[in-house]
Each structure stands twice: as C-alpha cells, then as structure tokens.
Amino acid sequence: MEEGIKTAWRRWRERGTWEDPQRKYRTLLSFSETEEDGGKDLVRAARRVADPELRTHLERHAADEIRHAAIFRERAASFAAEHGLAAGTGDSPDRPYDLSGARPGLELDAHGFFNAGLVDELGELEYVAMLHVAERKAAELFTTYRDLNADDPDTREVFESILRDEKYHVAYTGTFLDRWRREGRGPEVDKALGEAKDSRMWSAWKRLGMRSAAGFAHVVLFVLYWTLLLPFGLFARLRELPAGWQDPRPLPEPARRGGEY
Amino acid sequence: MRVLGLSAFHRDSAAALVADGEVVAAAQEERYTGVLVDSSFPRRAARACLDAAGLTAGELDAVVFYEKPLRKFERVLAAQLGAFPRSSRAFAKGMFLWLGDRLWLRTRIADELSVAPDRVAFVEHQRAHAAAAFFGSPLERAAVLTLDDAGEWATVALARAEGARLETLKEIGFPHSLGLWYSAFAQFLGLEPGLDEARLEVLAAHGTPRLRDEVAGTLPARPDGSFLVDERLFRFPYDAERLCDDRLGERVGAPRPPGDPLRMAGDDTRDADLAASVQAVLEDRVLALVARLRELAPGEDALCLGGELARNRALVARVVADGGFDRVFVPPVPGEPGAALGAALEYVTAVAGGPRPAPLVRAAWGESVDVRAEEGARSLGGADEAPREVARRLDRGQGVAWVRGALELGPESCSTRLLLGPADGPGARAGLLERVQRADPLAPVRVAVSAERAAEHFAVPAACPEAVRRGQVALAARSDAARAVSLPDGRAWAQVVDAELDPGLHAALAARADAPLALVTDFHLRSQAIVRSEADAVEAFQRSALDALVVEDRVYARD
C-alpha cells in the first residue's frame, strides 16, 4: 500500500520531466553523465578491493555502467534529432553566469551519488552497501521512468534493457552483504546500509530544498528587477560603462593586498 | 612559505602549490572528475597538490583565489543593470548564483579546504595572469600584456615588471573584452564557447579573411590603440548563455547552427572565411595594444604574454613577427589553470615579499604514473627503450599513445600524455584522430620535430624559444613534408623538441632520421579529459583503435 502511494507520488512528481522534450533530452544526457561517472568510479574501486571475486563483479558492473552511459547518450542524440532540439543546448538552462562547461545539477536522480574515488573515502564494505542501496533505488526509479515513457517505445526500451542489469547489480551486492553478515559482520553491514539510506534521503531532501529555494529566489529576484531595481536600471542605461584606456586602481599596501575582497 | 593558488568558476579550475619559492605541485580539476573544462571548485586538485607535497591544509600559510569576488560582483551587477530590460532573465539566474554562493567565497574556501578564514586571500585576476606570465619567465625585466575574458573589471592589462615587482600601467575594462568577443564568434559559428576556441583558430586557417571589414565593425579600433565592443551586437555583457545578439547576423551573415555541416572547403568556405576574418581582426587589435605597450614601457625589449588568448598560436606568431619586441615569452600554461599558479606567485612576491621562482620550463607538476602495471603489460627492459619502441611503431605507420611521468597542468599535454602518429601526408591527421574516436577536422594536432631538424622544415623565430619548444606558436612550413601535414594556410602548430626539455620525445624523433616529423596531440578519447593514470590510459587504449600504448618502460600492444 505504502509502496503504491510512493510510486504514484513519484509518477505525478516526475511526469513533467518526461512530457517536456527539452527537459527529457537534458535528463537523458544527465543520466548518461552519471552512469559514466559511476562506471569510472567502479573501475577505480575494482582496483582497490582485495577480494578477486568482488573485483570481477565490480569490473562487470563498471562495464555495464559505461555501456548504459553510451545507451543514454545515443538515445538523447536520436531524441534531439527527432524533436529538432539543437545539439549542445542540453545543459544551457542550468549553466552558471560565467562561461563554464561545468556539469549542471541533475534534475532527476539516477545513480546520483557516485563520486570520484568514493571507495577510498568509504571503505570496501561501506562501498558495497552504498552500491546496493543505490542500485535498488535506481531499479525503482527506472521502473517509474519506463512507465512514464509508455508513449515512446525507444526510450522505454532503454530503461527496460538497463533494468535487467540493475537486477544483477542488486543481486551481487546483496550476496556480498549476506556473506559478510554470515562472517559475523552483521552490525557493520546494518550500519553501512543505514548510513547509505540516510545519506540518500538527506541528499534527496537537500535537492528538493535547493530546487524549491532556487525557484522561489528566482521569482523574488525577477520581481525585484522590475520594481526596486527598475529606476536604477533606467539610470544605468543612461550611463555607459567606461571605454578605452583606464588607469589601474591603486593597490593597497602589500600587507592588506591579499585580504581585500 | 606555503601558498596554494586556486582558480575556479570560469573555464578550467585548478590548484597550484608554491612552497619556499618553488612550484611543487599543480593540478587541474578536470583530470580528476573527467568533466571537460570543469570549472567547479577544485577540491580534488587541491587535495592532490597537498598530497604531493605531504602537507595538510592547516600547514598552509595562505590559500589565494585568483580574483576579487566583491569587485567582480560589482561588475556583474553594473553590467546587468546597464542592459536593462534585456537582462531580466539573466539577472535572476546570475544574482541567485552570486547571492547564494560566489559572494561568500572566503567562507566556502575555508570550509572546503578546512583552513582558517583569515588565511584565505584574493588577488586581482589580471595580476594573477601577469604574474604567471612574468614570474615564471627567465627574464629579469619585461613589458607584460594580458589578454583575457574578464576578471573583476579589467579584460586587458598592460604592465611592466622587473625582478619581483609588477606594475600595472593601463587597463581596458569590461564589457570591452577580446576574449569574450572571440568566444562569442565561436558560438556564432556553432562551436562551444569556453571549450572550442582552439577549434575556431583551426577553422580560421582554412579560410581567407574576406569579411574582415564587417567583422572589424563589431570591434571598432580607437586611435589610442584601444578598442570597443559594439554592445548592440553582443549579449555577453549580461547573458552567459547567448553571447551574440540577432543583429550580429545582419552584419556578418547568418549564424551556423550547431551540428550543421561546416562550410570550410570547396565552393562554400563561408564559415572558414568568417573565422579567418575574426582571427585577422583579433590580431590587428592585439598589435595595436602591443604598440601602445611599447609607448608606455619604452626601453623594454622583452614581452611576456598572458591570459586565455595567449593560447592562440597564430596570434602569438603575429605578435612575435610584428610586435617589435626582440623577445617574447609565453608561460607554460597561459590560461585560467595557469592563473591559479599566478595567484600564488603574485601573493608570494607582491604580498609576502618573497622571491621569484626559478623559470618555469615545463608544466608537469601533477601526480606521476602509477608504479604498478596493469594487466597485459609487456616490459621493454628499461626506460631508455620506450623512445625506441615509439619510433619503431611510428616507422611501421602505427598510432601510439605514450604516457610517462607527471601529469601536466593546462588544457593540453605537450609531453607526458601524448598520442603520436606518423606525419606521412595530408590524410595522416584524420587517420590518427579516427583511432581515438575524434574524427574532427578542427581538432588541434601539432607537428613535432627535433630541434636539430626544425629549421629544415619550419621558419623558426629566434625571439620565443620557450614557446617554440612547447608548441605554443604557429610556424610557417618550409619543406614539402611539413607542408603536407600543415593547415591550409601553410602553417602548422609545430612543437620543436629539444633534448634538454624532453629527452624522451627527442630521442624518439631523432631515432627516425628518414622521417623527422611526427603528429602529436593530447591522449584522450572524444569528449573526455586527457588521461590521468596508467589505468585510465589502458582503458582509453582498449576503447581506441590505436596499435600500442607505451607507459614508462612497458608497452600494451594489440600485436
């Protein structure tokens, strides 16, 4: 019952992303990037772990993620072509003020908390626990995204094919966690799973909070622009910024120079 | 004194550590995140620098950011208001970013790196570029010119430097920016601003500047050597996403939509001609700046050239040829990553009164290749064998990746993360790039030649030996062999390799007496960052169609 409510809520919340071609394109691209990040991180993790069997699984998992990245990228490209979306505009709405090629914030979550070198920060058991939680969540999310793309068989097939791999990822990480439990490391496993879930939930709350705050702040700033700043703007239009050669601003004394903001 | 310089939030972010007057480590965030031109806060790069020096953040005397946030905010706000009401959308987005994050940079740096806020310092952006250009040079005194996008207000700075003293003489202020004007034309031609300026330069080499007058009208020259950006034609003063106004199309023709075929060969060379015109106007304006600098700094016979535009090889060549200076120095990393180093050097010399570092010869200050070989490696029997192995494979017409030593700072690799191929005719360039999934007629490729054979193949200027050795200047081809692999304008991005600077690459080139030229570019796959570790290199090799990968004293080969 509870699961059904969660799924319905997720569908309602995320339908807009998949109905808007530009957002859908951007989301497919961002999934490609997170899958690729995840793949790279798993490659690194595979080199760090001591257990050869776990290493083999992580290597296969890495290959899956990198393949998923290619699948998402190709689907994004063909979707853009089908809908006449200009190449290279995928991330433009999220670009910061400066000219910058930095990754925009993700609109939806895929494997959103892979970071470079995570295994070094977490440790082996904690890393596998984090993978397990992430993959289970990804399987749930991708099921929703598949269903929300019922009218787009190509995108639906992308999620369908990736879901098959996710089941394997959940299974092998679960096997290792069970094995460590049998070896008497149950409390460690439970703690790691708990922390991974908490971290995920906290990330989701932060993302939701940030998104709401950003939306609200944008509206406030837009209103400010047309009210409070309007006279200043009109005044600024009359005054051109200086052109041509200018004298440099006098530098403060050396001791104060670095502190000046 | 231990000072960490940082650059971030505009093109490539980086960190550089200067300790006791010497550069001990420098790293670029992109290499760690894999995100091209990553401009996010360089926490991984900073950590790599501290690890390399065996330091903790608490042991730093200062962390120096490469611009002054409050002054930059003042400029952003003034430009937004000046564009009222066209800036209404960009204002909300820009201000949100500034009010929520950028204005509180001291706190953010302190939190990210766990240093005390009073150890966080800020230097002016153009001074960071100028410091990178002069303090890293072997010159005792010089005139200094920085050509950049924008920092706080200044976009161009003329300076004079002597010893550990750097004096700014004149500046040109935002929005009159050569760097942003050039990036705007990159976007107008369907390229990615902030990423594809080098491709725009390659495109320019395919055309003729028949639209020079029209383009010159977008950037009028003033009699005093300065210039103006025609603000009616560009949106970059207030909008970072759409840099050009629709009215620009009325002046120079319609923009090229991204993804459309490039008009650069055959009957229709309009895109290449526009790029060539942009390049020609850029060079004209910069020569006027150089002339003004010579008036303001009479008696100086050396010039240090810094900022993003100092990466433009054709521009450097023009300044060397027509600028009137006997000596021209371009720092190893003239763009934004190099400004992280410049910020640290400016703080050490100007604020703390410390000494200048020894001249910066190479940019290889990053982490070294792992000691442990990956699966599939075959030992070559010694590091001396690596150049011979590379030469043998080039003789057989193979494409070889060569990874050795420390990672370089900057958007290019000129030594330690290379991809090499034989320079055997006009198709060689495309053939090499196809093997690494980079089939792109605009991808920059250099032509390497040993110092002893350089004069046979290229017109090598004597005024800029460091730039020539690092492949930072376009050289005119002299021989048929060089012409066959040069760009259509008869010039190549040549790299003259000497035995002192890069003994390994020199030995590989010298071993091929009958074929002294080789094609060289950075080792990475399409849309990916330059490889960092041996594991990254092996992964890229496996996904490529290259014949071999040489890493230190071992080889991974398909045969």
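Everything numeric in this text was worked out from a predicted model, so none of it was measured.

1. Quick word on the nonpolar core
Residue and element names in this part refer to chain B. L145 and F523 are the most contacted members of the largest nonpolar core, which has 109 residues in total. Sorting elements by how many residues they give to this core places helix α11 (residues 270-296) first, with 10 residues. Split by domain, the residues of this core number at least three in each of domain 2 (178-329) and domain 3 (366-557). The residues touching L145, leaving out its near neighbours within four places in the chain, are V156, A157, L158, V286, L289, V290, L293, L303, C304, L305 and G306.

2. Observations regarding the pairing of strand β1 (residues 2-7) of chain B
All names here are of chain B. Of all the six residues making up β1, five are buried; the element is thus mostly covered by neighbouring parts of the structure. Of the strand pairs in this sheet, β1 and strand β2 (residues 14-19) are connected by six bridges, and their pairing is antiparallel. Following the sheet pairing, G5 is matched in β2 by A16. Once β1 ends, the chain turns through six residues before running back antiparallel as β2, passing F9 with a positive phi of about 75 degrees.

3. Some remarks on the packing of aromatic side chains
Counted under the stated rule, the structure contains 27 aromatic pairs over all chains. Measuring from centroid to centroid gives 6.1 Å for F9(B) and F65(B), while their planes differ by 45 degrees, and the two rings are tilted. Linking F9(B) in the loop between β1 and β2 with F65(B) in strand β4 (residues 62-65), this pair joins segments that are 56 residues apart in sequence. Each member of the pair, F9(B) together with F65(B), is buried. Members of the aromatic cluster, joined through ring pairs, are W18(A), F31(A), F72(A), F142(A), Y145(A) and F159(A). A cation over a ring is seen here: R294(B) above F325(B), with NZ or CZ 5.8 Å from the ring centre. R558(B) extends its terminal NZ or CZ atom over the ring of F541(B), reaching a point 4.5 Å from the ring centre.

4. Examining the domain arrangement of chain B
Residue and element names in this part refer to chain B. According to the domain assignment, chain B consists of domain 1 (2-135 + 334-360), domain 2 (178-329) and domain 3 (366-557). Each of domain 1 and domain 2 has a C-alpha centre, and these two points are 26 Å apart. Listed by partner, the interface residues are 17 residues for domain 1 and 19 residues for domain 2. Our enumeration of links across domain 1 and domain 2 arrives at three salt bridges. Its salt-bridge partner being E197, residue R11 comes within 3.4 Å of it at the nearest N-O pair. Taken together, domain 1 and domain 2 are joined by six residue pairs in polar contact (both at pLDDT 80 or more). Elements supplying a minimum of two residues to the side of domain 1 that touches domain 2: α3 (69-82), α4 (88-100) and α6 (125-134).

5. Quick word on the packing of α6(B) against helix α13 (residues 336-351) of chain B
Residues and elements named next belong to chain B. The N-to-C vectors of α6 and α13 enclose an angle of 90 degrees; their axes lie 7 Å apart at closest approach. Considering the angle they form, α6 stands roughly perpendicular to α13. Residues H125, R127, A128, H129, A131 and A132 of α6 lie in contact with α13, whose contacting residues are E336, G338, A339, G342, A343, L345 and E346.

6. A look at the sheet that holds strand β3 (residues 22-28) of chain B
Residues and elements named next belong to chain B. Taken in spatial order, the five strands line up as β3-β2-β1-β4-β5 in an open sheet, and their pairing is mixed. A single partner strand is all that each edge strand has here, and the edge strands are β3 and β5 (120-122). Adjacent strand axes in the sheet meet at a mean angle of 20 degrees, parallel and antiparallel pairs treated alike. Here helix α5 (residues 105-113) sits on the sheet in contact with β1, β4 and β5, set at roughly 135 degrees to β5. Each of β1, β2, β3, β4 and β5 is contacted by α13, which is oriented at about 30 degrees to β2, the strand it contacts most.

7. Let's talk about the state of the cysteines
Cysteine pairs can be linked by a disulfide, which is a covalent bond between their two sulfur atoms. Residues and elements named next belong to chain B. Within this structure, the stated rule accounts for zero disulfides over all chains. Looking at C49, it has no disulfide partner, and the nearest cysteine sulfur is the one in C414, 18 Å off. Take C49: its relative accessible area is 1%, and that puts it in the buried class.

8. Regarding the sheet that holds strand β10 (residues 327-329) of chain B
Taken together, the six strands give an open sheet; going across it, the order is β1(A)-β8(B)-β7(B)-β6(B)-β9(B)-β10(B), and neighbouring strands pair in mixed fashion. On the outer flanks of this sheet lie β1 (245-246) of chain A together with β10 of chain B, each paired with one strand and no other. Note: strand β6 (residues 141-147) of chain B against strand β9 (residues 302-306) of chain B, four bridges, orientation parallel. In the strand pairing of β9(B), L145(B) is matched with L305(B). Strands in contact with α11(B) are β1 of chain A together with β6, β7 (154-162), β8 (165-173) and β9 of chain B; relative to β6(B), the strand with the most contacts, it is inclined by about 145 degrees.

9. Thoughts on the environment of L158(B)
By the secondary structure assignment, L158(B) is in strand β7. Classification of L158(B) as buried rests on a relative accessible area of 0%. For the pair L158(B) and V361(B), spaced 203 residues apart in sequence, the C-alpha to C-alpha distance is 24 Å. Among all residues touching L158(B), those that are not within four sequence positions of it are W245(A), V144(B), L145(B), E167(B), T168(B), L169(B), K170(B), L289(B), R292(B), L293(B) and L296(B).

10. Looking at the confidence of the model for chain A
Residue and element names in this part refer to chain A. Residues with a pLDDT of 70 or more make up 77% of chain A, whose mean pLDDT is 77. Scored below 50 in pLDDT, residues 86-109 makes 84 contacts in the model with residues more than four places away or belonging to other chains. Counting interchain partners and residues more than four positions distant, the pLDDT-below-50 stretch residues 112-116 has 18 contacts.

11. Some remarks on the interface of chain A and chain B
Of the residues lining the interface, 54 residues belong to chain A; the matching set on chain B comes to 89 residues. Of the roughly 6000 Å² buried between chain A and chain B, counting both surfaces, carbon and sulfur atoms make up 57%. Our count for the contact surface shared by chain A and chain B stands at two salt bridges. In this structure, R249(A) and E124(B) form a salt bridge, with 3.4 Å as the shortest nitrogen-oxygen distance. Seen at the junction of chain A and chain B, the total is six residue pairs in polar contact (both at pLDDT 80 or more). Elements that contribute at least two residues to the side of chain A that touches chain B include exactly α2 (21-48), α6 (153-226), α7 (230-238), β1 and α8 (254-257) of chain A. Looking at which element gives the most residues to the side of chain A that touches chain B, the answer is α6(A), with eight residues. Its residues placed into classes, the side of chain A that touches chain B shows 29 nonpolar, 11 polar and 14 charged. Taken together, the two bridges between β1(A) and β8(B) define a ladder with antiparallel strand orientation. The residue bridging W245(A) from the neighbouring strand is I172(B), located in β8(B).

12. Digging into the environment of P242(A)
With respect to the helices and strands, the residue P242(A) is situated in the loop between α7 and β1. Placed 81 residues apart in sequence, P242(A) and S161(A) show a C-alpha to C-alpha distance of 59 Å.

13. Some words on helix α3 (residues 52-82) of chain A
Given 3.6 residues to a turn, an α-helix orients residues that are three or four positions apart in the same direction. When the terminal C-alpha atoms of α3(A) are compared, their 45 Å separation across 31 residues agrees well with the 45 Å that a helix rising 1.5 Å per residue should span. By the N-cap criterion, in which a side-chain oxygen at the helix start approaches the backbone nitrogen of a residue two or three places on, α3(A) is capped by D51(A), the distance to E53(A) being 2.8 Å.

14. A word on the side chain of D148(B)
Residues and elements named next belong to chain B. With respect to the helices and strands, D148 occurs in the loop between β6 and β7. Lacking a salt bridge, the buried D148 has R11 as its closest oppositely charged neighbour, with an N-O distance of 6.3 Å. Separated by 2.8 Å, the side chains of D148 and H125 make a polar contact. Reaching out from D148, the side chain makes a polar contact with the backbone nitrogen of E308 at a distance of 3.2 Å. Sequence-distant contacts of D148, that is, excluding residues within four places in its chain, are made with H125, Q126, H129, T155, S177, L178, G179, G307, E308 and E336.

About the criteria used
One numbering rule holds for all chains: residues counted from 1, following each sequence as written. Working convention: letters from A go to chains and numbers from 1 go to ligands, in the order in which they are written. Where totals are concerned, whole chains, interfaces and linings use all residues; where local detail is concerned, this predicted model gives features only for residues with pLDDT of at least 70, and gives and counts side-chain atom pairs only at 80 or more. The side-chain values count all of the structure's non-hydrogen atoms but skip hydrogen atoms and water molecules. Here, the term nonpolar core denotes a set of buried Ala, Val, Leu, Ile, Met, Phe, Trp, Tyr and Cys residues that are joined through side-chain atoms within 4.5 Å. Note on classification: 1.4 Å probe, protein chains only; a residue is buried when its accessible area is under 20% of the maximum for its type, exposed when over 50%, partly exposed between these limits. Labels follow the DSSP assignment, with helices taken as runs of H or I lasting at least four residues and strands as runs of E lasting at least two, numbered in each case from the N terminus. For the purposes of this description, domain bounds are those given by an automatic or database domain assignment. By definition, residues are in contact when any of their heavy atoms lie within 4.5 Å. Here a strand pair is declared whenever DSSP counts at least two bridges between the two strands. Whether two aromatic rings pair depends on their centres lying within 6.5 Å, for rings of Phe, Tyr and Trp, where Trp uses its six-membered ring; planes under 30 degrees apart make the pair stacked, over 60 edge-to-face, and the rest tilted. Ring-over charges, as used throughout, are those where CZ of Arg or NZ of Lys falls within 6 Å of the ring centre and within 35 degrees of the ring normal. Take a side-chain nitrogen of Lys or Arg and a carboxyl oxygen of Asp or Glu: if they are within 4 Å of each other, that pair is a salt bridge. Whenever a nitrogen or oxygen atom comes within 3.5 Å of another N or O atom, the pair is scored as a polar contact, on the condition that within protein one atom can donate a hydrogen and the other can accept it, and that pairs from neighbouring residues in sequence are kept only if both atoms are in side chains. Note on geometry: axes are lines fitted to C-alpha atoms, helical ones only across the stretch in contact, with angles between N-to-C directions running from 0 to 180 degrees. Geometric relationships in this document are graded by angle, where less than 35 degrees denotes roughly parallel, more than 145 denotes roughly antiparallel, 65 to 115 denotes roughly perpendicular, and other angles denote oblique. Any two cysteine sulfur atoms lying within 2.5 Å of each other are counted as a disulfide. How sure the predictor is of each residue is captured by pLDDT, a score from 0 to 100. By convention, the term buried area covers the 1.4 Å-probe accessible surface removed from two parts as they join, with the contributions of both added. Each residue is assigned to one of three groups, with Ala, Val, Leu, Ile, Met, Phe, Trp, Tyr, Cys and Pro labelled nonpolar, Asp, Glu, Lys and Arg labelled charged, and all others, Gly among them, labelled polar. In a helix, the anticipated span is given by 1.5 Å times the number of residues less one. Only four residue types enter the tally: Lys and Arg on the positive side, Asp and Glu on the negative side, with His and both chain ends excluded.

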